[in-house]
Amino acid sequence: MEPIPFYKPSVTEDELTEVVDTLRSGWLTMGPRTRQFEEEFAARVDARHTVAVSSATAGLHLGLDAMDLEPGDEVLVPTITFASTGSTVIHAGATPILVDCEPDTLNIDVEDAARKCGPRTKAIVPVHMAGHPCDMDAVHSLAESRSLRVMEDAAHAIPAAYRGRKIGSVSELTVFSFYATKNLTTGEGGMVSVADEELANRIQMRRLHGMSRDAWKRYGTGGSWRYDVAYPGFKYNMTDIAAAIGLVQLRRLDELQQRRREIVARYRLALADCDALELPTCRPEVDHAWHLFIVRMEHDRLSIHRDEVIEKLNAAGVGTSVHFIPLHVHSYYREKYGYNDKSLPEASKQWQRMISLPLYPGLSDHQVDFVAAQVTEILRQNRR
Ligand SMILES: *Cc1c(COP(=O)(O)O)cnc(C)c1O
């Protein structure tokens, strides 16, 4: 058996053709394909306005920047997330306040968020971990009672839904990632879904140098050389080369998701009897995007720790990962803000138990069975 990598992107001849056509078209940077991708993506997630960007990190930064936060302002972010959910708050000039997780979904614990909400708290950034939507009713009711802005980090959540509403249509701001490992990829890229037109215009303008006109309008036929810098903006635009990949991936999305669901069902069946393992939850009110399949070790039934299970899986030819090392475990957050494991007790406990197993459309049934068999065997041999 060949080693099974943790992740492999799903790219077909169709993506290659679209990219080649784009290169031949003579328009490489943000232009007509980016516009088309924004429109088709908006239709897919029921978004009112969409702004295509160079990454989700760029999108998160733009969303926070558009809130015009001031030094001393605070933004609630879950500690279980990727680096950029926290660092973009700092880039926007505010202070991230780390929030603990729910034990089942690993999503932001809104009760803990409420406890940490103070007079300077301006926004909350829920992250839909692994593709399982957060408890958005609770997030919105906290946001309303404390006048918080809501920006969803939906890097894992395309396509997902909460109580029948697509992620991308639920809050004022939602940010998606098209990084190479994500459910829909453009290599690098992201999308900001915005409910309000004025806010969308501000984000669009700040995406490209804060210029009054997009370059593609400027250089297109009938465009003018004249522009005005209305704000010291960023260089966060998507390219048409990336959008070309995205357009094809969007058309393939249903089929890609179908395969993800089949793999999840197969893992569930194969791992059902493994009592040293907790399998991921899926609450009835959500449509899960199944970006990740996170299993958790029941350490009281095992004589080895998660870290050793990862090593043994690696030796058996199974690539895995951990999503995520919580922000409060990293040196910057410990040294700058004084966080320790006691500050975020649930996340400190849960992240030590987690392993993300391979989950991508290109996995064969045979490979899924092999991964499940290796996990089962390693845990069986190391029972307490
Ligand atoms: C991948 C990821 C990001 C960053 O996405 P990029 O497109 O790589 O910038 C942000 N938040 C979460 C939760 C992610 O998993």
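What you are looking at is a predicted structure, and each value in this text was computed from that prediction instead of being measured.

Student: Talk me through the site of the ligand; I want residue IDs and the actual numbers.
Tutor: As a structural note, the neighbourhood of the ligand is formed by 16 residues, with Thr 57, Asp 153, His 156, Ser 177 and Lys 182 the closest of them. Ser 177 is positioned such that a nitrogen or oxygen atom in its side chain is 2.7 Å from an oxygen atom of the ligand. In this structure, an oxygen atom belonging to the ligand sits 3.2 Å away from a side-chain N or O atom of Lys 182. With the chains in place, 93% of the 390 Å² that the ligand exposes on its own is no longer accessible.

Student: Describe empty space enclosed by the protein, listing the residues and the values that go with them.
Tutor: For the structure on display, the rule yields two cavities of 30 Å³ or more. Approximately 100 Å³ is the volume attributed to the largest cavity. Looking at the largest cavity, it is lined by 13 residues, and the ones nearest its centre are Asp 104, Thr 105, Leu 106, Pro 280 and Thr 281. Of the residues belonging to the lining of the largest cavity, the class tally is seven nonpolar, four polar and two charged. Taken together, domain 1 (13–250) and domain 2 (254–381) each give at least three residues to the lining of the largest cavity, which thus spans both. Considering only enclosed or pocket space, the second largest cavity measures out at about 40 Å³ in volume. Class assignment of the residues belonging to the lining of the second largest cavity gives a composition of three nonpolar, four polar and two charged.

Student: Before we move on, can you summarise the sheet that holds strand 3 (residues 95–99) with the specific residues and values?
Tutor: Strand order in this open sheet of seven strands is 1-9-8-5-4-2-3, and the pairing throughout is mixed. Here the strands that pair on one side only, and so sit at the sheet edges, are strand 1 (49–53) and strand 3. Pairs of neighbouring strands in the sheet enclose a mean axial angle of 25°, with direction left out of account. Two strands pair when backbone bridges link them, and strand 5 (residues 149–153) and strand 8 (residues 173–177) are joined in this way by three bridges, in the parallel orientation. The residue bridging Asp 153 from the neighbouring strand is Val 175, located in strand 8. Sheet strands touched by helix 2 (residues 32–45): strand 1, strand 8 and strand 9 (190–194). Its angle to strand 1, the strand with the most contacts, is close to 130°.

Student: Give a detailed account of the side chain of Arg 206, specifying residues and quantitative values.
Tutor: Relative to the elements of secondary structure, Arg 206 occurs in helix 7 (residues 197–207). Here Arg 206 falls in the buried class, since its relative accessible area comes to 6%. In this structure the side chain of Arg 206 is engaged in a polar contact, spanning 3.3 Å, whose partner is the side chain of Tyr 231. In this view, Arg 206 contacts Leu 62, Asp 65, Ala 66, Asp 68, Tyr 231, Gly 233 and Phe 234; residues no more than four positions away in its chain are not counted.

Student: Provide a residue-level description of the domain arrangement of the protein, including the pertinent values.
Tutor: Entries for the protein in the domain assignment read domain 1 (13–250) and domain 2 (254–381). Between the C-alpha centres of domain 1 and domain 2 the distance comes to 26 Å. Taken together, the contact between domain 1 and domain 2 spans 43 residues of the former and 34 residues of the latter. Considering only the surface of domain 1 that becomes buried against domain 2, Leu 98, His 132 and Asn 183 emerge as the three largest contributors, covering 19% of it. Counting the contacts that link domain 1 with domain 2 gives 21 residue pairs in polar contact (both at pLDDT 80 or more). Looking at the side of domain 1 that touches domain 2, the elements with two or more residues in it are strand 2 (74–78), helix 4 (83–91), strand 3 and strand 6 (161–162). For the side of domain 1 that touches domain 2, the per-class residue count stands at 22 nonpolar, 12 polar and nine charged.

Cut-offs and rules
Residues numbered from 1 in each chain as written. Predicted model: local features only at pLDDT ≥ 70, side-chain atom pairs only at ≥ 80, totals over all residues. Heavy atoms only, no water. Near = heavy atom within 4 Å. Polar contact = N/O pair within 3.5 Å; in protein donor to acceptor, adjacent residues only side chain to side chain. Areas by Shrake-Rupley, 256 points an atom, 1.4 Å probe, with all protein chains shown as cover. 1 Å grid on protein atoms, 1.4 Å probe; cavity = no way out; pocket = protein on both sides within 12 Å on 5 of 7 lines; lining within 4 Å. Points joined across faces, edges and corners; volume = space filled by probe spheres on them. Nonpolar A, V, L, I, M, F, W, Y, C, P; charged D, E, K, R; others polar. Domains from an automatic or database assignment. Pairing = 2+ DSSP bridges. Helix = DSSP H or I, 4+ residues; strand = E, 2+ residues; numbered from the N terminus. Axes fitted to C-alpha atoms, helices over the stretch in contact; angles between N-to-C directions. Contact = heavy atoms within 4.5 Å. Buried < 20%, exposed > 50% of the residue type's maximum accessible area, 1.4 Å probe, protein only. Buried area = accessible area lost by both parts, 1.4 Å probe.

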